[in-house]
Structure formats: C-alpha cells, structure tokens
Number of protein chains: 6
Amino acid sequence: MLKQPASPLKVGRLLLTGAAGNLGKELRPRLKSYCDMLRLSHRSPIGEPGQGEEIVVAALEDKDQMQALLKDVDAVVHMGGVSTEQPWDAILAGNIMGAINLYEAARLNGTKRIVFASSNHVTGFYRQDEVVTPKSAPRPDGFYGLSKAFGEDVAQMYWDRWGIETVSLRIGSSFDKPVDRRMLATWMSYDDLERLVVAALTAPIVGHSIIYGMSDNQTTWWDNTPSKHIGYRPLDSSDVFRAEVEARQPTIDRHNPVALYQGGAFVTARG
Amino acid sequence: MLKQPASPLKVGRLLLTGAAGNLGKELRPRLKSYCDMLRLSHRSPIGEPGQGEEIVVAALEDKDQMQALLKDVDAVVHMGGVSTEQPWDAILAGNIMGAINLYEAARLNGTKRIVFASSNHVTGFYRQDEVVTPKSAPRPDGFYGLSKAFGEDVAQMYWDRWGIETVSLRIGSSFDKPVDRRMLATWMSYDDLERLVVAALTAPIVGHSIIYGMSDNQTTWWDNTPSKHIGYRPLDSSDVFRAEVEARQPTIDRHNPVALYQGGAFVTARG
Amino acid sequence: MLKQPASPLKVGRLLLTGAAGNLGKELRPRLKSYCDMLRLSHRSPIGEPGQGEEIVVAALEDKDQMQALLKDVDAVVHMGGVSTEQPWDAILAGNIMGAINLYEAARLNGTKRIVFASSNHVTGFYRQDEVVTPKSAPRPDGFYGLSKAFGEDVAQMYWDRWGIETVSLRIGSSFDKPVDRRMLATWMSYDDLERLVVAALTAPIVGHSIIYGMSDNQTTWWDNTPSKHIGYRPLDSSDVFRAEVEARQPTIDRHNPVALYQGGAFVTARG
Amino acid sequence: MLKQPASPLKVGRLLLTGAAGNLGKELRPRLKSYCDMLRLSHRSPIGEPGQGEEIVVAALEDKDQMQALLKDVDAVVHMGGVSTEQPWDAILAGNIMGAINLYEAARLNGTKRIVFASSNHVTGFYRQDEVVTPKSAPRPDGFYGLSKAFGEDVAQMYWDRWGIETVSLRIGSSFDKPVDRRMLATWMSYDDLERLVVAALTAPIVGHSIIYGMSDNQTTWWDNTPSKHIGYRPLDSSDVFRAEVEARQPTIDRHNPVALYQGGAFVTARG
Amino acid sequence: MLKQPASPLKVGRLLLTGAAGNLGKELRPRLKSYCDMLRLSHRSPIGEPGQGEEIVVAALEDKDQMQALLKDVDAVVHMGGVSTEQPWDAILAGNIMGAINLYEAARLNGTKRIVFASSNHVTGFYRQDEVVTPKSAPRPDGFYGLSKAFGEDVAQMYWDRWGIETVSLRIGSSFDKPVDRRMLATWMSYDDLERLVVAALTAPIVGHSIIYGMSDNQTTWWDNTPSKHIGYRPLDSSDVFRAEVEARQPTIDRHNPVALYQGGAFVTARG
Amino acid sequence: MLKQPASPLKVGRLLLTGAAGNLGKELRPRLKSYCDMLRLSHRSPIGEPGQGEEIVVAALEDKDQMQALLKDVDAVVHMGGVSTEQPWDAILAGNIMGAINLYEAARLNGTKRIVFASSNHVTGFYRQDEVVTPKSAPRPDGFYGLSKAFGEDVAQMYWDRWGIETVSLRIGSSFDKPVDRRMLATWMSYDDLERLVVAALTAPIVGHSIIYGMSDNQTTWWDNTPSKHIGYRPLDSSDVFRAEVEARQPTIDRHNPVALYQGGAFVTARG
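About the thresholds
Residues numbered from 1 in each chain as written. Chains lettered and ligands numbered in written order. Predicted model: local features only at pLDDT ≥ 70, side-chain atom pairs only at ≥ 80, totals over all residues. Heavy atoms only, no water. Phe/Tyr/Trp six-rings, centres within 6.5 Å; stacked < 30°, edge-to-face > 60°. Helix = DSSP H or I, 4+ residues; strand = E, 2+ residues; numbered from the N terminus. Buried < 20%, exposed > 50% of the residue type's maximum accessible area, 1.4 Å probe, protein only. Lys NZ or Arg CZ within 6 Å of the ring centre and 35° of its normal. Contact = heavy atoms within 4.5 Å. Salt bridge = Lys/Arg side-chain N within 4 Å of Asp/Glu carboxyl O. Polar contact = N/O pair within 3.5 Å; in protein donor to acceptor, adjacent residues only side chain to side chain. Nonpolar A, V, L, I, M, F, W, Y, C, P; charged D, E, K, R; others polar.

**Q** How would you summarise the packing of aromatic side chains if you had to cite specific residues and measurements?
**A** The full count for this structure, using the stated rule, is 51 aromatic pairs over all chains. With centroids separated by 5.5 Å and ring planes inclined at 70°, the aromatic side chains of W187 of chain E and F241 of chain E adopt a geometry described as edge-to-face. Of this pair, W187 of chain E sits in the loop between α5 (181-186) and α6 (190-202) while F241 of chain E sits in the loop between β7 (208-213) and α7 (242-248), and the two are 54 residues apart along the sequence. Judged by relative accessible area, W187 of chain E falls into the buried class, the value being 4%. Centroid distance Y144 of chain F to F266 of chain F: 5.7 Å. Interplanar angle 50°. Geometry classified as tilted. Placement of the pair is Y144 of chain F in helix α4 (residues 143-162) and F266 of chain F in the segment after α8 (257-260), with a sequence separation of 122 residues. Both residues of the pair, Y144 of chain F and F266 of chain F, belong to the buried class. Taken together, W88, F143 and F150 of chain A together with W88, F143 and F150 of chain C form an aromatic cluster joined through their ring pairs. Over the ring of Y126 of chain D we find R139 of chain D; its NZ or CZ atom is 5.3 Å from the centre of that ring. Cation over ring: R107 of chain E sits above W162 of chain E, and NZ or CZ is 4.7 Å from the ring centre.

What follows is the structure, given as structure tokens:
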C-alpha cells in the first residue's frame, strides 16, 4: 500500500502501543514488514495475535507493567495514551505518568529508539495565519496539548541524559479523509502516516527530533524544514477533497477561537 | 482555465478596482465564479457591465466616491492605482490617498477582506543574489515602491486596529510571458495570478499576510515560506521560456544597477 | 533592605506558597510591604501569622485545598513544591499535579497574576559555553527540570486560554553567597530575588513571560534581553566572592558532565 | 548641560525644522555648539534669530519653499511636521508630502545627513510585554504612526538610491519628566534627547539606521542592540520618578488597549 | 544528457581545472556547449585536446603557471586540488596556496566568475540530525574541510574587495550512484552536478554565494533556501537506489563518529 | 594594575608566543601571576628570562620547533605570527602554517586550552553601520584577515575533533590610546586586554568561543552577547579620548572604503 521504495531495514522486536486505537489499528498491519516481531499493547485485551505478533496487556500508568512490556524491545511506536481533550485525571494517568513510565522502562531495558505520537495541539494556540516550525515554542491548547508538550520534554531529557533517541510526531489530523476546512491544512492520510512512522523508525540518527505529521497539503501552517533529515516525504494531499470540504463548510466565523487558532475545536474543548 | 480544484466559496459582492488595467482585465472574467456580484471600478467609464457585473466610476483620491464604491461590498481585490514609476503627485493621489480612502471606506462599510496588489518594488533594492521573505524589511526602489510599502503599512494598521484582513501580494511581473532575464525570476502567469488572488480571497484566516506573487520559477529571489497558510501553489514556470529569453538577452552588465537590484529598471526610473 | 526606589503598588491579598521553604522564608518579610494581606501557605503547619499575615495549610496535590487556598487571592508568588531533584512520585505530586491545581484554582477564583518559581534546570542540558535566552527551547536535566518545564507550559496555556498572567522565573542559585564556580554564573542574591519578584508582580503587562533569575554577574550563560519589559535590574554580583570561590575550587574537570552542563550537579543527580 | 565629552565635530550649516515645537525649542539652544550656523524653520514666524542663527519660514507641504529652505544646508535635524494623532489631511500635508519634499530638497541641494524624528508609534501595536528592535516590522498605531513609518521608508529609499544618510529616531516620550506608568518605559530626558541627536549627527557612517529614543530606564520594550554603532548612551533614567508616577497611577486596566499596547493612548486616539 | 532546457548563454573561454579528476572527467564533455573554448588544466599532461578544447599543464601551487593559465579566461570551473583527506602538506600546496594563486591570477587577468568546488566537509562536524544552510558557520572535519573553508573565505574576500564573483559548491557525494546510507542524504548525480555547475556559471548575479551540491534526495541535512537565486533544481534522487543501499548496510553504529557526523568517514580520517 | 578581583586560578606552564611583539610585551609582565612558569617564545632571541620565565626561540612555520615549544605546556596565549597586512608568503608562513603547527603541537603534547589572537579583520568588510556578533559570517578584508579566519576554523576543528579548547579574540585596536575616529569604536586598553586574556584563560568551559576584543566604548560595531559565558567585562573606554581624537580628525570621507568598512585601512592595504 506504500508507493515509496520499501525499506529493508528491520527492527528486531518492535512495540506498538495503543494497538487498538484509531491509528494503532491502521499501523498494525503496516508495521509488520519492518520488524521480526511486532509486540502489540493495549490497556485491555485486544484478541489473538497474528503471525509475527505478540500481544501484551499493559496500562501506561502502571510502572511495573510498563517495565515488563518493554522487555527485549528494540524500538517503540508509541500510539498509546489519551488522544483527545479529557478530564485532567485521565490525561495525567495515560500521558504524564505514561510518558515517564515508558521512558524509564526503555532506559532500564536498553531500548534505543522511540517514535512518539505527539500532537499539533502542542502548538494549538498559534493562529491559523502563522507558520510554525518544530523549533517554535510550545503553545498548548489544553490538558491534552500540555501532556504532549510534556512528552516531548521527556523525550528531550532522555536523549540528553540517557541517549535514547526519539522522533516526536506532531500529528495533525490522521483520518480517512479531511472533513472540515481546518483539515485541509492538517490532514495526513494513513499512507503518509505509515511513511512518516517508517522514516522516523529507520532514519540513521535522530537524537530528539520533532516533525509535524501532515500530507502534502496546498495550505499548511507548518514548516518541517528543520527536520528534513528524517526523510519524510508525503505523497498524498488534502486537495483532492477540497471541493467536497468547502461545499460542506463554505463560511468561517473568524470571531470563533475554534476557527482562529490552529488547535481548532481543542482550544475551547473541556475534558 | 484553472487546473486546481475550483473553490466553491463565494463572496457575495466582490469589488475589483482598476478593472480596466492590465491585471484587472485578466481578472475580470476569472473572478466571476467566486462571487455573486462582481463590482468593477475604474477612474473613468469602462463600458457596460456583463451579467453578474456592476460598474462604478470612482477615483481613488476621492474620499466620497470611495465610500460610495465600497457600499455593500464584502471583499475587495484592489488592483487600482498607479502601477509604474510615475511623478510623485500621481502616486500620491492614486496610491497614498487612494490607500487611505479605500481602507477608511472599508471600515465605514464593514468590508472585512482586501486583497491588495502590492509589488516586489517594496523590496526592489535588495540585490538579485539575496533571497528575501515576506518578513524582510522594506527597501523600496522609488516613489512607486514607497507607495506600496505605505499601502502594506495601512493594511497592517487596519488589521491591528480595526480587524480588516488583507493579503498583500508583492506581485513580480505578471505578463503574458517573461521577456527578459530578470523575469525568469519574477514572472507570474495569469493563471497563477488567478490562483493567488483566489487563495488570498478564500483562505480562512489571514490577518495581514504578505506573499510574493510569482510562478514556480526555477530561479527566484523570494521565499514564501512564512505565508504557506495562504495555500498558494503556482503551477506555471518561466522556464519553458528560458531558451527564448536567454537568446534575446545573452549578457548581463553587472555594473548596471538595473541588472544588480531586484527592482530592475525601477531602481533608476524617474517618474 | 532594597536600594531601588520602593514601588507603592500594592496587591490586595498576596499568596506566598512554600512560605517555610528556603526562598519562602527570605521572601516572607520582604513581600509584606507590597500587599495589604500576605497569605502564607505550606504543606504543614508553620506557626503563627504575624501582623498583616494569614496562614493556610494546603498540599499542592490536593485540588480542594488548593481551591480553598486561592479564595480571594489577587496574586500569587508560587515558591511551593519540590525544589531539588527527587524521586518522580514526589515531583509528580508537588510540581505536576501542584501546577495544575494551582492554575485551576486561580482560574476558578479569578486570580489574575502568578509569579512562578521555575528553574534554570529547565535548560540545564545546554553547555556552560552556550548563552541561552528565555526563548531557547527547553532542555531539562532531570525530573525536577521536567516538572518546571511543565509548569511553564501550564502558565502559557492558562494565559492563552484563560487570560491569567504569569512571570516564570528561571531561578539560578539563590543563596547567601556563591559557593562554587558554577554559582559565579548562576548566583542571585536575596535582595536581587526580591527585586525580581517585585518587578514580576508589578510590571503592568506580562502575558506569560520567562526570565532568568541571576544577579549582575560578570560571567553568565543567560541573556534576558527578551524580557526587558519586566524591568528587573540586579544590583548585586557574584564577583565580590570570586576570589573566595576560586580559591576553594581552583580546577574544573571538563570531562565531568557536572562541570560541562549548565545544570551542574542536577545533570547526574538521581531523585 | 551635557555631561558626556562634548564633540568638537561641527556641521557647517545645520537646519532644525519645527524649531518652535516642543522638542525644537529644547534643541535650539543645545544644537548651536555643533554647527557654524543654525538655520531654524517653522511654518509660521517665530521671532528674531539669535547669534549664529538664521530663521526661514517654510511649510513642509510646499515643495518650492522646502527647496529654498535646504539651500546650502549640510545636515538636517527634522523635528517638523505633525507630532500627534491628527485628522488624515493634516498628517498627509506635514508628514507624507513633507517627507518627500524634505528629501527631494536635500537631494537637489546636496545635503547628505538627516536626523529624522520618527516615533515609537511606528511600532505602537506591539504589546507592552514584547521587546522589539529597530529591525522589527512596523505595526503603526494610527495615521501618525503610518506617516512616520512612511518617513522611514523614504529615508531608506533615499539612502539606497541617492546616498543620503539618515538616522531615524523612534522617539518615545520626551518630556520634562514621566507622568504615567507607560512613560516609565518610554521616557527620554531632554539631555538624553540632545545626546541622541548629537550622536546621530556625528556618527561617521550611518546609512539608514533606526534607533529608539529613550533614557536608560529600568523597564523598556526596546532593544537598541542593532544600532550600537550610533554611539548613543543615555545617562538619565525614569526610575528617579518611579515612586511619584506609581503613586499617581497605582493600577492598570489590562483590558484597555491603551494599557496593553506600546502605543498607549495613540492606539485608540482619533485624529 | 540534460533534461532541463539548455541555456544558450555561452562563456567565451572557460577554464576547467582538475580536468582529469573524477568530476573533471565528467564535466569535460558536458561543459563544451556552454563556451566557445574550453581550456582544460591538470598538474600533469592529460593527452590531446579535442575540438574546441585547449590543454594547459599547471600546478596550483605555482603562482606563475597559474597566472599564465588564467590568461584570457572569462570564467573558471575550479575542480582542481586535493579532494580527499590528505597529509597537510599536500593540502597546503593544492588547496591553500592553490586558492590564493587562482584568485590572484583571476584578479590580474580580469576573470570575473569562478565556480568553486568546495565541499560538504566545510560543515562536516554538524550531526546527521541537524539541518544546516549555506549561512551556517563552518565546522570543518579535517585538513581537507579546513582548506575548503579557507577557499570560501578567499572567494568572499575577492568578491568584497575585487568584485570577482564566485559560487562555492559544497558538493556532497558526486558518484555514479550512492553506495552507503550516508550517501542517501549526500548523493548528487552527474547530471545534477552539470545542472548545478551550469546554473552557477550562468546566474546573472551571484556575488559570493554558497550552495550545497546534492540531488533531490528524500533525506537531506542541507537546506539551500538562501541560494534559490542560483536557480539550481536537481532532477535526480538517491531514492531509486535506497533498497539496494539499505540492503547493503542495514545497521548503523550510532556510537561511531563516522555515522554520527555529516562528514562521515572524513571525521576520523588521517591524511 | 588590574582593578577587578584577581583570579587565583593558576596555569602550571603557560606559553606566550610572540612575546616580543607589541601585545606580547604588554602581556609578559601581566601574565606571570596566572601561572607557575611563563614560557616565552619568539622567532628570534629576546634576551634573558626573568624569574618564573623561560625563553624558547621557535619559528611558527617550523613544525619541529613548534612541537618542542609546546612540550609540557598547559595553556597557550598565542600572540605570535604576522599582525598586519603583509605579502602573502609572510602570512602563509606565520599564520597559516603557524596555526596548523601550533595546534598539531598542542594535540601531540596534550595542551588543552589556547587563547588565540584573532582579529576584527576577520569581519573587516562589514560596514561601519552594521553591528556584527561572534556568530556573524567571516568577511575578511585581506590576506591577514583571511589568515585569522583560517586560524578560527582550525580552532573549531581541533575542538570538534580533538577536544582542544580555544577562545578566539577578535582584537580591535589595542594600543596606548585611540588615535583616530575608527578607534573610538575599536580600541581596547592594555588593562582590558589583560582582563580579556585572563577571562579566556580561566573560564571553566569554552569549547571554541569567539569574542571581540574592545573596551567599553560608547560607539561599537560588535555585540558580544553570544560570548557572555567568557565573563569578560571591560572597564576602560575610548570616550575619555573622544575630544582629542575628534579634534584631530573632524571629518570623514564617506566615499573612502577606509572610512566605510570596519576593517579601516586594511581594506585597501597591500601586503
């Protein structure tokens, strides 16, 4: 399903967290060819493993389960945790404690590369007429954005101090297709998501790098120039859906923060 | 005539000033599908309106005519005013007083979006081996360039103070085709002009944004990265005319300011 | 004790958290003249209030206690929480949950200005030959630094979303006097601490501003230019102690991360 | 009255425009020692010249009068024109037409150095918690600020194209003493004004340089680092007036644009 | 062999130094159509000239030979000198003395444009997860890199002082095809090399410009945005060789400086 | 003779090259108290050593002599080599070969800190109305400036590759007093020179740092903010000589490159 030349670089044991989440489900079949063994985790049972898979139930906020989960893991694609604006306690458990538990477990188990599903909501309070880069200062738009900014800081610290490499993916809107005008800027196709995850997993040297996750959309607020070394090139674009999206949402209320800020509905959402 | 997916977003009443000027004539038929009613203005009569058109004669330096002109206008494509180096008095009337009159009229009439034909001559005194961006400080190359820098400042002030949005287009050389080597860098096709104007008109949030108007030329002095949120992607290129242009102008006199500075002939032109 | 002209600007009720901590004890007598009522809080009893004081026992990780604590508070000097590298659980409670509880309580109680004791350990993994500014990206040096980076992000979000203003003080080493060569760069006298807190409390407009807390030391790694609007001017300097400090520590082991990085001993400390 | 070593560098004939305005009156006696002949101009008669002075009545908007005024002038201190928010027509005459007339006259008469009284209102729509520099993009706060931004562009163009040097002084608040809290940041004493004008007049090479005009105030929003080559060092400070000012204005309404933006009352003033 | 529209712009006499070196041999047949006479030089005899060619033997470290070599030369493509890490004496002769001799000869003979084969090893000590630009400060990785940094400084000085224009090409890895993972980022095809040299030779105005020489590779560490005025657009990509390269080198040892730094094997090579 | 608190930090054996040159002679008596043994070198005999001194004759271009010279040396203050614009051959020997020989000898002998007398002529082709920093790109003004730019690159490479630390001092004009108007910006007193050298020698961590060498002059073109970690604070100023200097040189010819560029007379000097 991926048109770019497949990379033969294989991880031994690759852990995919949040394997039953929206993006986890998309990535599960796609990541198999990049590893010898794909370990899948979720906080609750998710059925039987397929060939080349193994399944572990583990809650991110449980330190011991996390340390067991990372055993013999060579690299992680961390899609687990809370992925929408939620009450603080849920985010604290899954994304704050979860981030610490994951990296401590990686440190203790010798895991050396993590692909971290961060979010564009780390910078959600920039306006939609500002172009930001992975070097721009965080402006989180809520508890969720705060927790992802924290995760990026954790990644930076574990790189500076312990030599664990991370690519933080500030994912835009990864869905089947864009459904509103904001997504014309933020959408990332599932194929591009795969390309991004694979590039992040196989780039030779990454330290802690941050990159926005979006397709090759005509309109965008994000400039990935500082992360060209990751080697991510999107091949899809929201523009094939532009007519459909604009027909559905012909007008914008510029007085609504939801339309004004990059974070969209998150800037007013209450968990 | 536009290959990119047409935007269904329609302005109610769209005013095109300078409708009988070079670019106004190109834009007149192209803008019709983006509005319910296209109001055309010029300082002297320009014939009968077509279907979906209305024509108003108004001089930019006449405050009252301008306030009448903007009545019930939802958005403006401001191509009017002086567009070449001229004696100061002409520029003062059309471009300085004209800019104030236009924005005051927009403020009084509640118009909320203006696409302003600024010019690359705002930055004409950068050298042709410098790459500038919409954030670079102005270096106007004459009275004309000064008046366009003024217009951009007016746009900024009416945004900061009155909430009127503007996209200032620092148009390069929008002609049928490039005719000298400078235009290999500065040329913008009419189709790309249309794409740019439409993107500027329909981008959800623009505040005051500045963007250079050029096609996808191989050589360029302008980097539009800070304005990617406008969503302008040129599809044409001066390079299909390169052989023809270079044959016509095989040598450059580097001691001539006209060849040295981005403003070209404007840097020595007297109005 | 402060030589600069005293500011007559008074807060009504000012809350000082961590009132029994090292810096809290220094600030307690100094802050009285800047408010009508100084509310002091600590996680355990701290004796009787003096005149113009009131004492409230509250634990940062206790949401309800924090909401009660902020009642009728006009501004906060937040010195509470963990202030050294500690095991994660302690930092999670005092600095992560504590930050959220404090800002939620401020939001619910209508408190509009917070002076937040952040730390230089937010950027502790820059080298000692790099000059950083309040705009530099975080490079925390441990759990403590991570928690302070989180606190700054919380402050940013509550400003962007709820209009609560914060000055985050990236405090260097605020002690009686500098005792090692690192502190020649990082030391801040108690008088300068007072000047900084008062400036942060009384500056007319701060949004979320970040500023390093140091005296006017000859050697420094921090450039506060982006925060000149705070109006902080240190009057003391570590240099009067230089001979004493250098006599005590004449050599540096450049291969030791503790000497190499700005965070000093924190970069290898385990909680 | 100036404590810094007096410069013996003398201009032959120095023109001071706006000689009867507030700052003109302060500068008139101070500038005498820096020139052989001080020509004073104003739009209406201003009495008899003193020794070493000559007086010329000239209106800025009158091209011929301006060309006569500049005859045999070696350098100009341009304090003339409108200096507050006014109706557009007044500003157009004095500051827009006036700027062009002044520079055209300088060009025709061979005058090579102009000290131009620009204004902080060129950047008045930055917030009071932002630190801007002479390189920051203009954000004028009204017609007056627009006209000063225009004057700076004129200065840049006459430098790039005609080799006339200018120092644009973005003057803050030059009064006897600061009278409100905004002026704690923006105040410039008359002695410092003199230092600034003299530095601008005598610096060997300036091209077109921009510099903010303020005393050595503890609080400031302006960073003059890019213009250190001018050699301006203020010796006064608003802080000796701080207690008095803060007693007069103990509170700030942060919801009022006048308190929020650097331009202060100008951001809402109507001419 | 070049797909982009051929430029008809012809140099009169073009000198290609290092004509028998790896890249010289590739360029020799390709450059003929861009000049009336192609002068080829090498430090030892290289056979007979073809039609439109002339051959001169000259050693770069020999001042007199170099002055003779440049006689009547209109432009130079300087591929000569040492192109790998070598003992210092060899590099001193060919690249340090050679650079001075070449530019002095150009100055004395009135040659006005030089295309200088610099190298990515000028910035070889940046990490492979950093994106650098032609404006980034040099971090040479050895004697060879030092000599190329020197050559760029020579070019800058001869431009500033003597008006000789140079484009310094920081060439990556110009070979038949990429043979290791580093080259996935650094590779430049011979066709793209030709495009780059021709663009550098024929761009109207270049002053001293620096540009990285690479194909349109998916992964890269170099951002050529500041040199868009050169008009170089690569058409090839290392990615068609990715599968082959990754199969050959599936793992990277991140502890090896050779894998960590952009300079690759040069960072540890001894001349 | 130094008013700032003396540093007790002593180097064991400190080498001062160029000990009989202008600055060497000034530094010789001043450096004694910072080391146990001061080794003095020059290319020709310079008399008898004083107490705590040893003298070695060595030519910079002689590799073997340099390797002997560095034996048992803990740190170097490198004032040797050519210090004015000279014919290329002299500069090649003393400054190019000399730099390589010095650093190779340091590497082989285990010397870990070098204070390198670079020069403002590394950036001599910036204009006198530009403010540059230690991060600004080199624009050397002649062979001498080129050789110092080369020396800085050598220092950078030996730091990146071999861990030898250097502070490169871009010395302005270190003389008894300033004698022309350029020196009002560039002058550094001998006491400030001592302060700078001592700070560079004793700063705990420097990697490769670059800093301009000037006194606390009112006018300056150089901003040392990026090197505040060195801890250099000048206490003298050219301004006490301003009246004397300006009396001697009341006018400037702005058309003369010598007055226009920061390098002054070097920009036209021929070696």
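**Q** Give a detailed account of the interface of chain C and chain A, specifying residues and quantitative values.
**A** Between chain C and chain A, the contact holds 31 residues from the first and 31 residues from the second. Taken together, the links from chain C to chain A amount to 2 salt bridges. For R139 of chain A, the salt bridge goes to D160 of chain C, with nearest N and O atoms at 2.5 Å. There are 12 residue pairs in polar contact (both at pLDDT 80 or more) connecting chain C and chain A. Elements with a contribution of two residues or more to the side of chain C that touches chain A: α3 (88-109) and α4 (143-162) of chain C. The class makeup of the residues in the side of chain C that touches chain A is 19 nonpolar, 3 polar and 9 charged.

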